[in-house]
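Report on the structure
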Amino acid sequence: MIAFTSVCSSCEFKRFNCSFINLWTQSAFCGCGDRMWSSNSARSRSRAVGCCSNPLTDALWRKQSDRKGFIRCIKMPQGEGKMKLAPHPKLPKGKKIMLIILDGWGEQIPDEFNAIHRAETPIMDYLKTTAPEKWRLLKAHGSAVGLPTEEDMGNSEVGHNALGAGRIFKQGASLVDSALETGAIFEGSGFKYLKEALPNGTLHLIGLLSDGGVHSRFDQLQLLLKGSAKQGFKKIRVHVLTDGRDVADGSSVKYVQMLEDTLEELRGEGCDARIASGGGRMKVTMDRYENDWNVVKNGWYAHVLGEAPHRFTSCLEALKKLKEEDPSVNDQYYPPFVMVDESGKPVGPIVDGDAVVTFNYRADRMVMLAKALDDEQFDKFDRVRCPKIKYAGMLLYDADLKLPRNYLVSPPEFTETSGEYLVHNGVKSWVCSETVKFGHVTFVWNGNRSGQFSNTLEKYVEIPSDQGISFDKQPEMKAIAIASKAAEALRSGEWDQVRVNIANGDMIGHTGNLEATILGCTTTDKAIKIMLDATEEVGGIFVITADHGNAEDMVKRNAKTGAPIKDKQGNYQILTSHTCAPVPIAIGGPGLPKGVRFRTDLPNAGLANVASTFINLHGFEAPHDYEPTLIEVVD
Ligand SMILES: O=C(O)[C@@H](CO)OP(=O)(O)O
Ligand SMILES: [Mn+2]
Ligand SMILES: [Mn+2]
């Protein structure tokens, strides 16, 4: 039997659910007459049937189905009851579940560059080797998480979106690609708003300069630049944040050179286009979850006010000189700098009448600057001067806060995520991480939605991250504190789901410090033990998985052979980025009903299959439109 769920685009009947015993039905219509679903099966025998809460078409539907005898229609409850889930036929309700997300923890060749393999991880090793039917791998990159290509590594945003939403949505990167390809980006209300700054306003583009594909992509910036010039902007200033986190450290020089080439081309066509300011992404502008407003303040001073401790006439010169002055500086941590002309005047501060675009599509590290640019009441630091500008984000970064008010591309619309279902079915969740990942396991998990679904059935706890240091200096991070609190929450008996994100593998993996990452992974395993002990004590179930790879591979490899690559000096090239590796998922605990094991018919399952799995373990059938559950119950 195959189940289809669809949404009528023209009438209010949002949910529609039919189970077809076979695929002979050609199409189904909602009560308003609009087609909701159709199958182009060559074997189609019957004509369309109506199906919906509309009594007329419902009657027609019943007549048809009675006559044909092979169609069954389940009407989904509307309004209040629409998110009620059916009880699982075999799995009981009321189990306590410890759901652990390891950030940046993939499965890779167990060699010397695999920090997880090198770490002491007795618990994770035990789970992998002792119960093969309760341990498997999941896809966490590319199309499995809504990214444009299979070469796109996973990341926290797309990973947690898929985990929490139980479905695969086209992500920002793909949506921006389409909008640029069709030119729709220049026709939308966001770009029209920017054009109000014409004819005299300068267009400023602020964002991450690389082709990491996590927050932004160089080719998209290039198309935006060229398109904007065509649309009439005669003066453009780019404010660049160097990467070294999603791409190799030191590659900033390459991307700045590529940008300079594009800008020169534009100048040749009569557009005064230049780089105006910059800095490393971890020092300038791209903080997240309000961990350190000073980072955004650095950006405000450099991009908007045209003030920074370092001033150069060219960006390439800035990168070179700053590194010569302090060799410990890297792409992620370049201090803020501004470009000045021969007379020492900044070439591109943002002033009244200008237009501004933040060209990152990913929200978490751009939303703080967006607030500073868009919110008149902003009070996180003294902005000194607040130019009257036309500002648009590449995407809407926070739909609930409506931030920014103008944007170039509409973001993916996540609806009915697992957190919302749990609340509607009385399942109580306690959720925790430290600051740097707190938004991942709450906001992003809930489909980029601010706040909680319920104040009584949910509790979100944030443990402050260490501030102002690179995480390799404190590789334990807050893992043990999170685990201890999670254990306490599970033992309290008050919560059905205790959900945490443990950040170490990812945050330390990004520093490129292999020894520190090994320590971080060892600590992660200790934290897991604390949480599994509590699960054991309360007779609960655990689900452990990860959002994408990172710590399992710390070296650049030859794409074909997989052999580690050395640079000209003979040193191994460190990999600071995420990877395309699959991630493990393990289930177990004394509360796991006998006979539960992973199905073997879903070899390509990915992160989006996890939500159905834990919803089942809470004792409910998963929503019909979710990706299938990973588990089966054998007698
Ligand atoms: O730090 C970040 O912003 C990204 C990498 O760019 O990592 P993650 O997706 O794990 O948050
Ligand atoms: Mn992550
Ligand atoms: Mn990361």
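Rules used in this analysis
- Residues numbered from 1 in each chain as written.
- Chains lettered and ligands numbered in written order.
- Predicted model: local features only at pLDDT ≥ 70, side-chain atom pairs only at ≥ 80, totals over all residues.
- Heavy atoms only, no water.
- UniProt positions renumbered as here; feature names shortened; annotations may be inferred.
- Pairing = 2+ DSSP bridges.
- Helix = DSSP H or I, 4+ residues; strand = E, 2+ residues; numbered from the N terminus.
- Axes fitted to C-alpha atoms, helices over the stretch in contact; angles between N-to-C directions.
- Phe/Tyr/Trp six-rings, centres within 6.5 Å; stacked < 30°, edge-to-face > 60°.
- Buried < 20%, exposed > 50% of the residue type's maximum accessible area, 1.4 Å probe, protein only.
- Lys NZ or Arg CZ within 6 Å of the ring centre and 35° of its normal.
- Donors = N, O, S within 2.8 Å, 3.2 Å for Na, K, Ca; no water.

Naming follows an unreviewed UniProt entry, where the protein chain appears as phosphoglycerate mutase (2,3-diphosphoglycerate-independent) of Ceratodon purpureus. Check the Sequence similarities (unreviewed entry) section of the UniProt entry for the protein chain; it says "Belongs to the BPG-independent phosphoglycerate mutase family." Regarding the protein chain, the relevant UniProt record gives this comment under Cofactor (unreviewed entry): "Mn(2+)".

**Some remarks on the sheet that holds strand E21 (residues 583-588)**
The strand order across the open sheet built from seven strands is E8-E21-E20-E7-E19-E17-E18, with neighbouring strands paired in mixed fashion. Each edge of the open sheet carries a strand with a single partner, namely strand E8 (135-138) and strand E18 (458-463). On average, each strand axis in the sheet is inclined to that of its neighbour by 15 degrees, with strand direction left out of account. The sheet contact formed by strand E20 (residues 541-546) and E21 spans three bridges and is antiparallel.

**Concerning the UniProt feature "domain: Metalloenzyme" (unreviewed entry) in the protein chain**
Here, UniProt's "domain: Metalloenzyme" (unreviewed entry) annotation points to residues 95-621. As annotated, residues 95-621 has a helix share of 33% and a strand share of 16%, and its two end C-alpha atoms lie 15 Å apart.

**Side note on the packing of aromatic side chains**
Per the stated rule, a full pass over the model turns up 10 aromatic pairs. Here Phe113 and Tyr572 contribute two aromatic rings whose centre-to-centre distance is 4.8 Å and whose plane-to-plane angle is 65 degrees, an arrangement assigned as edge-to-face. Taken together, the residues Phe113 in the loop between strand E7 (97-102) and helix H2 (115-118) and Tyr572 in the loop between E20 and E21 connect sequence positions 459 residues apart. According to the relative accessible area criterion, Phe113 is buried, its value standing at 8%. By relative accessible area, Tyr572 is classed as partly exposed at 35%. On the basis of an interplanar angle of 20 degrees and a centroid distance of 6.1 Å, the ring pair of Trp445 and Phe614 is categorised as stacked. With Trp445 in the loop between helix H14 (435-444) and E18 and Phe614 in helix H18 (residues 610-617), the pair connects residues that are 169 residues apart, well separated along the chain. Here the aromatic cluster, defined as three or more aromatic residues joined through ring pairs, consists of Trp293, Trp300, Phe378 and Phe381. Lys428 extends its terminal NZ or CZ atom over the ring of Trp495, reaching a point 5.1 Å from the ring centre.

**Notes on the environment of Gly606**
One can find Gly606 in the loop between strand E22 (596-598) and H18. Gly606 sits in the buried class, given a relative accessible area of 4%. Distance in space between the C-alpha atoms of Gly606 and Gly306 is 45 Å, their sequence separation being 300 residues.

**Details of the coordination of the manganese ion (ligand 3)**
Reference geometry at the metal: tetrahedral coordination by four donors gives ideal angles of 109.5 degrees; octahedral coordination by six donors gives 90 or 180 degrees. At the metal site, the manganese ion (ligand 3) is ligated by Asp506 (OD), Asp506 (OD), His510 (NE2) and His578 (NE2), and these contacts range over 2.1 to 2.3 Å. For the manganese ion (ligand 3), the single-chain donor residues occur in sequence as D-x3-H-x67-H. The two metals, the manganese ion (ligand 3) and the manganese ion (ligand 2), are separated by 4.4 Å. Of this pair, His510 sits in the loop between helix H16 (504-509) and helix H17 (514-537) while His578 sits in the loop between E20 and E21, placing them 68 residues apart in sequence.

**Comments concerning the sheet that holds strand E15 (residues 390-395)**
The strands making up a sheet are joined through hydrogen bonds of the backbone, oriented either antiparallel or parallel. On the basis of which strands lie adjacent, the open sheet formed by eight strands has the order E12-E13-E11-E10-E9-E14-E15-E16 and mixed pairing. The open sheet has two edge strands with one neighbour each: strand E12 (310-312) and strand E16 (407-409). Taken pair by pair, the neighbouring strands of this sheet meet at an average axis angle of 20 degrees, ignoring direction. Note that strand E11 (residues 272-280) and strand E13 (residues 337-339) share two bridges and pair antiparallel. Within E13, the position partnered with Ser277 by the bridge is Val338.

**Observations concerning the UniProt feature "domain: BPG-independent PGAM N-terminal" (unreviewed entry) in the protein chain**
Under the feature "domain: BPG-independent PGAM N-terminal" (unreviewed entry), the UniProt entry names residues 176-398. Along residues 176-398 one finds 36% helix and 18% strand; the C-alpha atoms at either end are 17 Å apart.

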